[in-house]
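What follows is the residue order along each chain.
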Amino acid sequence: MSITNEQRDSLIELYIAILDRAPDKDGLSFWSEVLLAQGGDIEYVANEMWNSAGAQADYPAFLTPDEIVARIYENVLNRVPDAGGLAFWVSEWNANGPAATMLAMIDNLKTNPSTDPQFLEDQQLFLNKVEFGEWFAVTLGSNDTDLAKLGNEAITSDPDSI
C-alpha cells in the first residue's frame, strides 16, 4: 500500500513548515511509512516531525511561541508576520499546540478564499514550494538535504522560479 498524492503533498507541506526545506527522497519515504502505519493520521506525523532532532535543532526549547510562529512564517512565506497574523497564530499555538497549529496554517493557505494581494502572493509561493518539493524528492529522487534547503530558499511566488 502507498500513500495518496494528497497525503504526499501534506508531508511535503510539513517539511516546508517545520524543516524549512524540500523533503529528501529517503525522508519522504520514511514519513510516508509512518503515515501509513498510523492509518493516515497527519497530525500524528506532524507531532513526530516537530519532535524530530532536525526540527528541534531549528526550534530550540528556549524559543517563545511568538518566535516560533515568526520562524514558520519565514519558512513558509519568506516574510515576517504582520501583527494581526502573529497574534492570531500565537493564540492558536498556545491553545492547540504545534502540530494542530501548523496544519491549520497550511490549511488556511490552501483553502482561504481571500483575494488580498499579499495573501495571493503567499499562497502562490507556498504552492510553488510544494511543487518544488515534489519534484526534488519524487522526480529527481535526491537525498541532498543541503540542496533541498537551497532550492527551497530560491523559490518565489513566480511560477518560473520552480
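Above: the structure in question.
One structure accompanies this document, and this report is about it. (Residues numbered from 1 in each chain as written. Predicted model: local features only at pLDDT ≥ 70, side-chain atom pairs only at ≥ 80, totals over all residues. Heavy atoms only, no water.)

## So, the nonpolar core
Turning to step 1, where the next piece is worked out: Membership of the largest hydrophobic core comes to 39 residues, with the highest contact counts inside it found for L14, I18, V45, M49, I72 and V76.
Turning to step 2, where the next piece is worked out: Listed by contribution, the elements that provide at least two residues to this core are α1 (5–19), α2 (25–37), α3 (42–50), α5 (65–77), α6 (83–96), α7 (98–111) and α8 (117–139).
Turning to step 3, where the next piece is worked out: With 8 residues, α1 is the largest single contributor of residues to this core.
Turning to step 4, where the next piece is worked out: If we skip the residues at most four places from it in the chain, M49 touches L14, Y15, I18, L19, W31 and A55.
Turning to step 5, where the next piece is worked out: Of all hydrophobic cores here, the second largest spans 6 residues; its members include L125, F132, F136 and A148. (Core = buried A, V, L, I, M, F, W, Y, C linked by side-chain atoms within 4.5 Å. Buried < 20%, exposed > 50% of the residue type's maximum accessible area, 1.4 Å probe, protein only. Helix = DSSP H or I, 4+ residues; strand = E, 2+ residues; numbered from the N terminus. Contact = heavy atoms within 4.5 Å.)

## Let's talk about the pattern of salt bridges
Turning to step 1, where the next piece is worked out: Overall, the coordinates contain 6 salt bridges when judged by the stated rule.
Turning to step 2, where the next piece is worked out: Residue R8 pairs with E134 through a salt bridge whose shortest N-O separation is 2.9 Å. Of this pair, R8 sits in helix α1 while E134 sits in helix α8, and the two are 126 residues apart along the sequence.
Turning to step 3, where the next piece is worked out: The partner of K149 in a salt bridge is E153, and the shortest N-O contact between them spans 3.8 Å. (Salt bridge = Lys/Arg side-chain N within 4 Å of Asp/Glu carboxyl O.)

## Considerations on α2
Turning to step 1, where the next piece is worked out: In this model α2 runs 18 Å from its N-terminal to its C-terminal C-alpha over 13 residues, within 8% of the 18 Å that 1.5 Å per residue would give.
Turning to step 2, where the next piece is worked out: Turning to α2, its buried residues are G27, L28, W31, S32, V34 and L35. Down the axis of α2, the buried side of the element spans an arc of 160 degrees, and every buried residue falls inside it.
Turning to step 3, where the next piece is worked out: Buried residues belonging to α2 abut α1, α3 and α8.
Turning to step 4, where the next piece is worked out: After α2 finishes, the residue G39 shows a positive phi value of roughly 65 degrees. (Expected span 1.5 Å × (residues − 1). Arc of directions from axis to C-beta.)

## A few points about the packing of aromatic side chains
Turning to step 1, where the next piece is worked out: In this structure the tally under the stated criterion is 6 aromatic pairs.
Turning to step 2, where the next piece is worked out: An angle of 80 degrees between the planes, with centres 4.9 Å apart, marks the rings of F30 and W31 as edge-to-face.
Turning to step 3, where the next piece is worked out: Taken together, W50, Y59 and W93 form an aromatic cluster joined through their ring pairs. (Phe/Tyr/Trp six-rings, centres within 6.5 Å; stacked < 30°, edge-to-face > 60°.)

## Quick notes on the environment of A55
Turning to step 1, where the next piece is worked out: Residue position: A55 is located in helix α4 (residues 53–58).
Turning to step 2, where the next piece is worked out: Of the residues examined, A55 reaches a relative accessible area of 0% and is grouped as buried.
Turning to step 3, where the next piece is worked out: Sequence-wise, A55 and G85 are 30 residues apart; in three dimensions their C-alpha atoms are separated by 22 Å.

## What to know about the side chain of Q123
Turning to step 1, where the next piece is worked out: Mapped onto the elements, Q123 comes out in helix α8.
Turning to step 2, where the next piece is worked out: Other than its neighbours up to four places away in sequence, Q123 contacts L109, K110 and N112.

## A short note on the packing of α5 against α7
Turning to step 1, where the next piece is worked out: The geometry of α5 relative to α7 is characterised by a closest axis approach of 12 Å and an angle of 40 degrees between their N-to-C directions. If you check the angle between α5 and α7, you find them oblique. The way α5 lies across α7 gives a crossing that is right-handed. From α5, V69, I72, Y73, V76 and L77 reach across to α7, where they touch M102, M105 and L109.
Turning to step 2, where the next piece is worked out: Split by residue class, the contact of α5 with α7 holds 8 nonpolar, no polar and no charged. (Axes fitted to C-alpha atoms, helices over the stretch in contact; angles between N-to-C directions. Parallel < 35°, antiparallel > 145°, perpendicular 65-115°, else oblique. Left-handed = near helix turned anticlockwise from the far one by under 90°. Nonpolar A, V, L, I, M, F, W, Y, C, P; charged D, E, K, R; others polar.)

## Regarding the environment of Y59
Turning to step 1, where the next piece is worked out: Mapped onto the fold, Y59 is located in the loop between α4 and α5.
Turning to step 2, where the next piece is worked out: Judged by relative accessible area, which is 2%, Y59 ranks as buried.
Turning to step 3, where the next piece is worked out: Apart from residues lying up to four places away in sequence, Y59 is in contact with A17, I18, W50, I68, R71, I72 and N75.
Turning to step 4, where the next piece is worked out: Within polar-contact distance, the side chain of Y59 engages the backbone oxygen of A17 at 3.2 Å. (Polar contact = N/O pair within 3.5 Å; in protein donor to acceptor, adjacent residues only side chain to side chain.)

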